[in-house]
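Survey of secondary and tertiary structure
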Amino acid sequence: MIEIEELTRTFGTRTAVDRLTLTIGEGEVFALLGPNGAGKTTTVRMLGCLIGRTSGRAVVAGQRIGDPGADRRIRGLIGLLPEEPGLYPDLTAVQTLDYFGKLHQLPKRVRAERTEELLTRLGLWERRDSKAATYSKGMRQRLAIARALIHDPPVLFLDEPTANLDPEGARAVREFLLQLRAERRTIVLNTHDLAEAERVCDRVGVLRTRLVAVGSPAELRAQLHGSTTRIRLD
Ligand code: ATP
């Protein structure tokens, strides 16, 4: 579903992502694990066509980034949860999802159905007519996740979905991620928390500008505790 080959991005003299090569299968939940500044956000922004790449290649849901018209097609096939939810504070949950559904050119009936389904599943239906400004952090994050899913994309990029949430808010988001996993969506989840990656992901890639390890959570744990090939996560 996602094929990345030698993907590189530099900012001036600084290399943010260095020759990343990785394949993520359909229905796989993949964690990009790494400390601040490791290149996680830069990677998903390149894959989501929000920024260009310096070199390398990537194919997302059959679309090669950089091809003519691929940006628009990829945006229709992916849902992106950015690091900051970036919601419009004066819009209610229903208005928010309706607005983004229109951007994806969904018919009115589909927008209404998807809105009700997502807000119900994310525990926001009761508060559907409240403005986002009145929401808690956890509620805002769940609304941002609903926004990422309004057009029912097969691929999701989630940039630190539980960062800055209290334990209850983080738990609600993780439970929803497990539902998305059961639906066989392909998910790339950025995190700096191995325990979180273990709870929801099939495989983990440790990024420190370069990809330094890839494996199942159990394999990575074994390497972390191994005496010879110790991986540092901080
Ligand atoms: P965090 O968890 O802090 O978001 P990250 O793993 O997502 O970290 P990135 O945000 O991708 O890391 O940043 C990787 C490197 O690229 C950092 O050194 C950062 O300062 C640099 N960088 C990212 N975006 C820009 C930009 N627009 N201009 C200059 N440097 C940038």
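Residues numbered from 1 in each chain as written. Predicted model: local features only at pLDDT ≥ 70, side-chain atom pairs only at ≥ 80, totals over all residues. Heavy atoms only, no water.

An unreviewed UniProt entry annotates the chain as ABC-2 type transport system ATP-binding protein of Kitasatospora viridis. A UniProt comment under Sequence similarities (unreviewed entry) is attached to the chain, and it reads "Belongs to the ABC transporter superfamily." (UniProt positions renumbered as here; feature names shortened; annotations may be inferred.)

Let's talk about a nonpolar patch on the surface
Where nonpolar side chains cluster on the molecular surface, the patch consists of Tyr88, Tyr99 and Leu103 and spans about 310 Å² of accessible area. Mapped onto the fold, Leu103 is located in helix H3 (residues 93-103). (Patch = residues over 30% accessible without salt bridge, like charges linked within 9 Å, V, L, I, M, F, W, Y side chains within 5 Å. Areas by Shrake-Rupley, 256 points an atom, 1.4 Å probe, with all protein chains shown as cover. Salt bridge = Lys/Arg side-chain N within 4 Å of Asp/Glu carboxyl O. Helix = DSSP H or I, 4+ residues; strand = E, 2+ residues; numbered from the N terminus.)

Quick word on the pairing of strand E9 (residues 203-208)
Here strand E3 (residues 29-33) runs beside E9; their pairing, made up of four bridges, is parallel. Bridged to Leu33 within E9 is Val206. Count of turn residues in the E9/strand E10 (residues 210-215) antiparallel hairpin: one residue, of which Thr209 carries a positive phi of about 70°. (Pairing = 2+ DSSP bridges.)

A few points about the site of the ligand
In the vicinity of the ligand, 13 residues are found, and the nearest of them are Gly37, Lys40, Thr41, Thr42 and Glu83. For the ligand, an oxygen atom lies 3.3 Å from a polar atom in the side chain of Asn36. Interatomic distance of 2.8 Å between a side-chain N/O atom of Glu83 and an oxygen atom of the ligand. Where the shell around the ligand is concerned, the elements lending two or more residues are strand E2 (14-24) and helix H1 (40-47). (Near = heavy atom within 4 Å. Polar contact = N/O pair within 3.5 Å; in protein donor to acceptor, adjacent residues only side chain to side chain.)

Things to note about the sheet that holds strand E7 (residues 155-159)
Taken together, the six strands give an open sheet; going across it, the order is E6-E7-E8-E3-E9-E10, and neighbouring strands pair in mixed fashion. Bordering the open sheet on either side are strand E6 (78-81) and E10, each of which pairs with just one other strand. The mean angle between the axes of side-by-side strands here comes to 15°, regardless of whether they run parallel or antiparallel. Relative to strand E8 (residues 186-191), E7 is paired through five bridges, and the arrangement is parallel. Paired with Leu156 across the strands is Ile187, a residue of E8. H1 contacts E3, E7, E8 and E9 of the sheet and is inclined by roughly 150° relative to E8. (Axes fitted to C-alpha atoms, helices over the stretch in contact; angles between N-to-C directions. Contact = heavy atoms within 4.5 Å.)

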